[in-house]
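# Understanding the architecture of this molecule
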Amino acid sequence: DGGITQSPKYLFRKEGQNVTLSCEQNLNHDAMYWYRQDPGQGLRLIYYSQIVNDFQKGDIAEGYSVSREKKESFPLTVTSAQKNPTAFYLCASSISGYPETQYFGPGTRLLVL
Amino acid sequence: AQSVTQLDSHVSVSEGTPVLLRCNYSSSYSPSLFWYVQHPNKGLQLLLKYTSAATLVKGINGFEAEFKKSETSFHLTKPSAHMSDAAEYFCVVFRTTSGTYKYIFGTGTRLKVLA
C-alpha cells in the first residue's frame, strides 16, 4: 500500500535536547512538507521540499532543521533553540508544482519533559 | 496574497440534519481550493478540491462544496450528518509566488454531531 509513515507516534524531549521526527513516503512524490498543529491555529508550515537536495523555509522555521537526501525521506529535527516545541507534527507529500492533493501521515505528538 | 477564513470555529448539528461549514477566500486570481477532514489524533484526509473546473464539487462521504466567485466563498455542505462526521475540517488555498508554492490552511472548524 502506498502512503506516508511517521515515527514515533509520541516523542518526549528533555531540556536542551535535539530530537528528530521521521517521515517516509512511497508515493513517488517529489514534494514533501512539515506542518506544526496547535489547538485553534490550524496547520502552520515549517519547511517544504519540492525536490531532492532542496528545501525552503516555511512560516515558522526558526528552531527547526530538515534534510532531503532521498526522495522518500524528509526528517525534521527540533533543536534546543525551539523554546515551545510541544505540538502535533504532520508530514505530507504531493506531486510537485501543481495544486494537487496532499497526502498526510498520521502525525507525531511531541511533548516536553 | 491568497488566504482563507473559516467563519466558525465550532459547529453543532443533530444527526440526520444538514451540515454547513463556511469558508471565504481571498485571491487575486482564480484559486485552487481544498477541504480536508481530520479525526482526533490522525492525519488529514482530502474531502474534495476545486481547480477551475465545475463550480459544484462533489467529494467523499456525501460532502460537496460550491465555488462562488462573486461571494469569494467555498462552503462545505452535506445533506444529512452522520455521527462519523464528527471531526475537524480545514479549508485550504493553493498559493504560488515566484516559482514556489504553498498550501495555506484555515484555522479549522470542529464539527460536533449530536445523537
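It should be noted that the structure appears before, not after, this text.
Basis of the calculations
- Residues numbered from 1 in each chain as written.
- Chains lettered and ligands numbered in written order.
- Predicted model: local features only at pLDDT ≥ 70, side-chain atom pairs only at ≥ 80, totals over all residues.
- Heavy atoms only, no water.
- Helix = DSSP H or I, 4+ residues; strand = E, 2+ residues; numbered from the N terminus.
- Rg over C-alpha atoms; globule rule 2.2 N^0.38 Å.
- Buried < 20%, exposed > 50% of the residue type's maximum accessible area, 1.4 Å probe, protein only.
- Contact = heavy atoms within 4.5 Å.
- Areas by Shrake-Rupley, 256 points an atom, 1.4 Å probe, with all protein chains shown as cover.
- Lys, Arg positive; Asp, Glu negative; His and termini not counted.
- Charge placed at Lys NZ, Arg CZ, Asp CG, Glu CD.
- Phe/Tyr/Trp six-rings, centres within 6.5 Å; stacked < 30°, edge-to-face > 60°.
- Lys NZ or Arg CZ within 6 Å of the ring centre and 35° of its normal.

Before going further, it helps to spend a moment on the overall build of chain B. Along the backbone of chain B there are zero helices and 12 strands. Listed by position from the N terminus, the elements making up chain B come as β-β-β-β-β-β-β-β-β-β-β-β. Relative to the 2.2 N^0.38 estimate, which gives 13 Å for 115 residues, the radius of gyration of chain B is 14 Å and therefore close to what a compact globule would have. Projected onto its principal axes, the C-alpha positions of chain B cover 50 × 30 × 20 Å. Taken across its 115 residues, chain B has 45% of its residues classed as buried. A fraction of 55% describes how many contacts in chain B between residues 6 or more apart in sequence connect residues 24 or more apart. Approximately 5,500 Å² of chain B is accessible, and the part contributed by carbon and sulfur atoms is 52%. Side chains of chain B carry 11 positive and 7 negative charges; the gap between the two charge centres is 8 Å.

Before going further, it helps to spend a moment on the packing of aromatic side chains. Evaluation of the coordinates by the stated rule reveals 18 aromatic pairs over all chains. Between B:Phe34 and B:Tyr103, the aromatic rings sit 5.7 Å apart at their centres with planes inclined by 65°, giving edge-to-face as the arrangement. Linking B:Phe34 in strand 5 (residues 32-38) with B:Tyr103 in strand 11 (residues 100-105), this pair joins segments that are 69 residues apart in sequence. With a relative accessible area of 2%, B:Tyr103 lands in the buried category. Centroid distance B:Tyr50 to B:Phe67: 4.2 Å. Interplanar angle 15°. Geometry classified as stacked. A residue pair is termed long-range when its members are at least 10 positions apart, and B:Tyr50 in strand 6 (residues 44-50) and B:Phe67 in strand 8 (residues 64-68) qualify at 17 residues. No difference in accessibility class separates B:Tyr50 from B:Phe67, as the two residues are buried. Site record: aromatic cluster; members linked through ring pairs are A:Tyr33, A:Tyr35, A:Tyr48, A:Phe104, B:Phe34, B:Tyr36, B:Phe90, B:Phe94, B:Tyr103 and B:Phe105. Sitting above the plane of the A:Phe74 ring, A:Arg68 keeps its charged end 6.0 Å from the centroid.

In short, the description is geometric, and any link to function would need to be established separately.
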